[in-house]
Amino acid sequence: MLHLGVFGIESSGLNTAIKLLILFLVVIWLALVYYTYADARRRIADPMLIGCATLASFFPYVGTIIYMIVRPAEYLDDIRERELEMQAAEARIQRLDYFLCPHCDYQVEKDFLRCPSCTRKLKDPCVTCAKPLDPEWRLCPYCETEVVQQTSMPRRRRRRREEGGTSSPPPGVEA
């Protein structure tokens, strides 16, 4: 009886070694297919791309190597964790006494009456204790003085009186 070995090798010991090597390479290839699938699920959100990466890994060894070159650098869990940390940091900053001038975005403190950068008025002082008051408050929380709501009335120009009691028009205005 004529028994041919793998690749035409007739030595039984060498033939067994070649068969074990081929089995080992097939098992590694199947493990790489599973690894590509599992890794793609942790890194890619789109199911279609996960399937494409897994199908590419069915090309022995080359598909997995190509996947490893083009795969995303971060895991989806790491991306979510980083975004949550950023949201938490933003929330901590919001809770701190971190205020910006509404006109020039310069950082101001909550007790500032005027912005040091653009010199715009931020708050009015209390008439009794001179602490800064929010424009919406009806009562000073520091001294319990009622806040008088100032209505914005147009300012009148003062006219200078002449010695004769007559008034002259302001400069730049013809009589």
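Bear in mind that the values here come from a model prediction, so they are computed numbers and not experimental data.

*Asks:* How should I be thinking about the packing of aromatic side chains in this particular structure?
*Replies:* For any pair of aromatic rings, the description consists of the separation of the ring centres together with the inter-plane angle of the planes. Applying the stated criterion across every chain, the model contains one aromatic pair. Centroid distance Trp29 to Phe58: 6.2 Å. Interplanar angle 75 degrees. Geometry classified as edge-to-face. Taken together, the residues span a long stretch of sequence, with Trp29 in helix α1 (residues 12-43) and Phe58 in the loop between α2 (47-56) and α3 (62-70) at a distance of 29 residues. When the ring centre of Tyr75 is taken as origin, the NZ or CZ atom of Arg43, which lies over that ring, is 4.2 Å away. The ring of Tyr142 has Lys131 sitting right over it, with the charged end atom 4.8 Å from the ring centre.

*Asks:* Please clarify how α3 should be interpreted in this entry.
*Replies:* For an α-helix, 3.6 residues make a turn, and residues three or four places apart therefore share a direction. Every buried residue of α3 is accounted for by Gly63, Thr64 and Tyr67. Viewed end-on, α3 has its buried residues packed into an arc of 95 degrees, placing them on one side of the element. Among the structural elements, α1 and α2 are those in contact with the buried residues of α3.

Parameters at a glance
Residues numbered from 1 in each chain as written. Predicted model: local features only at pLDDT ≥ 70, side-chain atom pairs only at ≥ 80, totals over all residues. Heavy atoms only, no water. Phe/Tyr/Trp six-rings, centres within 6.5 Å; stacked < 30°, edge-to-face > 60°. Helix = DSSP H or I, 4+ residues; strand = E, 2+ residues; numbered from the N terminus. Lys NZ or Arg CZ within 6 Å of the ring centre and 35° of its normal. Buried < 20%, exposed > 50% of the residue type's maximum accessible area, 1.4 Å probe, protein only. Arc of directions from axis to C-beta. Contact = heavy atoms within 4.5 Å.

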